Structure formats: C-alpha cells, structure tokens
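Residues per chain, in single letters:
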Amino acid sequence: MREKLSSMSSQNMAPTDCMKPSDLSAEKKGIKRKNWRNRIRFLWTNSSKSILHPMKNRSYRPSVDDVNQWEQSLDKLLAHKYGKAAFRIFLKSEFCEENIEFWTTCENYKTLTSQKDLVSKANTIYEEFIKSEAPKEINLDFNSKNAIEQSLNAPTATTFQAAQKKIYSLMENNSYPRFINSDLYKELCAVASGKSKLVKY
C-alpha cells in the first residue's frame, strides 16, 4: 500500500526553491563557482559528448542574441536547449536541480497518449518527485500532493499541471532572477560576445 503523506511536514514547508546563497560558507561558494565553470566549459566546448544535451555539431555555441533573449523571460530561457542546460547547471550549483528536472519531466509526460504509459509514468513521477521523502522531492503543499496521489489510478495528461505551474512560479520568482544576476550568466554573455573563452580559474 502506498505510504500516507505527512500533512504536518508538508503544510509547514515554506515556498522556497533552493538553498539560499547566504546559507553557504565561503568555501562552499568557491566550490560551487568552480563546479559550474567546469560544467559550462564542458557543455560549451565538448557539446557532442554532453550528458545534458548531446549535439552533433561540436562548433555550435549560442549567439549573443540567444543569450540576451534568455534575460527576457524564463519561457525563452527554457525554450533554448543551451539555455535550459545552463539554467540546470545553475540550479545544481544551488542544490535545487529537482525543480527543472520535475518541470522537464512534466513536459514529457504531457506528450504521452496511451493510458498505460500515463499510469506508469505518473507513478514514476510520484515516487521520484512528489511523495514525502522522495529522492528528488519538490516543495509542494499537502493538498497538491494529496490530489496527485488520489489520481494515480487513473491519471490524465493534466495530473501534474497544477504542481508544474507552482514549481514554474517558484523558479520564475526565485531561481531565475538569481540566474540572470549570477556570475554564470555574465560569463555566458562574455563568451557569446567573444570577450571570454572560459579559461580555467
């Protein structure tokens, strides 16, 4: 039997998306910066082998226009494969990559057509992201979690729609502004304009 949701712990969860930068020690901030530099360098210079987004054209890089568009809205950032990959790297550096992973998984889920596939994938998403103490648990209130749990026997393409919107809103209002103001985004702008080559630091 599926384990019951813990209403107490879920109702008390604050609507935050990531660990705050102020929660990190200076040493961890340095490690965090080094990690995203390494990941961005790997993505940019070795894109054909990237585990995030395999590319056939090793020489392709986002243009200045591409990178500038990412600043216009979260929608435009997520619509660009390199933009989404860069944002995921940023979220990973802030220990909340489960948000973009959940959002992406929901996008894929909505393309399913057979009921069998919907049931299988819905239960996988629940086990991975929704249930209490899931390996990649996202920050949802008790009512949202409970509504999803109740629909798992006969899920539809919209089963995770409300939860996806909530996570999108968290990213849009919290993570996305930090990304746009981050050293990582500034570095990407510099690389796209030819002012930086992502040299080792």
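Use the structure listed above.
Okay, so let's go over this structure.

Thresholds, definitions, all that
- Residues numbered from 1 in each chain as written.
- Predicted model: local features only at pLDDT ≥ 70, side-chain atom pairs only at ≥ 80, totals over all residues.
- Heavy atoms only, no water.
- Helix = DSSP H or I, 4+ residues; strand = E, 2+ residues; numbered from the N terminus.
- Contact = heavy atoms within 4.5 Å.
- Areas by Shrake-Rupley, 256 points an atom, 1.4 Å probe, with all protein chains shown as cover.
- Salt bridge = Lys/Arg side-chain N within 4 Å of Asp/Glu carboxyl O.
- Buried < 20%, exposed > 50% of the residue type's maximum accessible area, 1.4 Å probe, protein only.
- Phe/Tyr/Trp six-rings, centres within 6.5 Å; stacked < 30°, edge-to-face > 60°.
- Axes fitted to C-alpha atoms, helices over the stretch in contact; angles between N-to-C directions.
- Parallel < 35°, antiparallel > 145°, perpendicular 65-115°, else oblique.
- Left-handed = near helix turned anticlockwise from the far one by under 90°.
- Nonpolar A, V, L, I, M, F, W, Y, C, P; charged D, E, K, R; others polar.

**Comments concerning the overall build of the chain**
Here comes step 1: Counting secondary structure elements, the chain contains ten helices and zero strands.
Here comes step 2: Counting helices and strands in the order they occur from the N terminus, the chain gives α-α-α-α-α-α-α-α-α-α.
Here comes step 3: A separation of at least 24 residues holds for 66% of the contacts in the chain among residues at least 6 apart in sequence.
Here comes step 4: Only carbon and sulfur atoms are counted for the fraction: they give 50% of the accessible area of the chain, which is about 11300 Å².

**Some words on the pattern of salt bridges**
Here comes step 1: Scanning the model with the defined rule gives nine salt bridges in all.
Here comes step 2: Between Glu101 and Arg88 there is a salt bridge; the shortest N-O distance is 3.1 Å. Of this pair, Glu101 sits in helix H6 (residues 98–109) while Arg88 sits in helix H5 (residues 81–93), and the two are 13 residues apart along the sequence.
Here comes step 3: Of the residues examined, Glu101 reaches a relative accessible area of 13% and is grouped as buried.
Here comes step 4: Looking at Arg88, the relative accessible area reads 32%, which means it is partly exposed.
Here comes step 5: When the shortest N-O distance is used, the salt bridge between Glu127 and Lys131 registers 2.7 Å.
Here comes step 6: You can call Glu127 partly exposed: its relative accessible area is 31%.
Here comes step 7: For Lys131, a relative accessible area of 17% puts it in the buried group.
Here comes step 8: Among the charged side chains, a network of salt bridges with common partners joins Arg88, Glu101, Glu128 and Lys136.

**A look at the packing of aromatic side chains**
Here comes step 1: Applying the stated criterion to the full structure yields six aromatic pairs.
Here comes step 2: Ring centres 5.6 Å apart and planes at 65° place the aromatic pair Phe90 and Phe179 in the edge-to-face group. With Phe90 in helix H5 and Phe179 in helix H9 (residues 161–180), this residue pair connects regions lying 89 residues apart in the sequence.
Here comes step 3: Overall, the relative accessible area of 5% leaves Phe90 in the buried class.
Here comes step 4: Since its relative accessible area comes to 0%, Phe179 is described here as buried.
Here comes step 5: Relative to Phe160, the ring of Tyr109 has its centre 5.2 Å away and its plane inclined at 85°; by these criteria the two rings are edge-to-face. Taken together, the positions of Tyr109 in helix H6 and Phe160 in the loop between helix H8 (142–150) and H9 put the pair 51 residues apart, joining distant regions of the chain.
Here comes step 6: By relative accessible area, which is 1% here, Tyr109 ends up buried.
Here comes step 7: Taking the relative accessible area as the measure of exposure, Phe160 reaches 1% and is therefore buried.

**Notes on the packing of H6 against H9**
Helix packing geometry: the angle between the two helix axes and the distance between the axes.
Here comes step 1: The interhelical angle for the contact between H6 and H9, taken along N-to-C directions, is 140°, at an axis separation of 10 Å. Taken together, the axes of H6 and H9 are oblique relative to one another. Judged by the twist between their axes, the crossing of H6 over H9 is left-handed. Contacts between H6 and H9 involve Asn99, Ile100, Phe102, Trp103, Cys106 and Glu107 from the former and Ala163, Gln164, Ile167, Tyr168 and Met171 from the latter.
Here comes step 2: Broken down by class, the residue content of the contact of H6 with H9 amounts to eight nonpolar, two polar and one charged.

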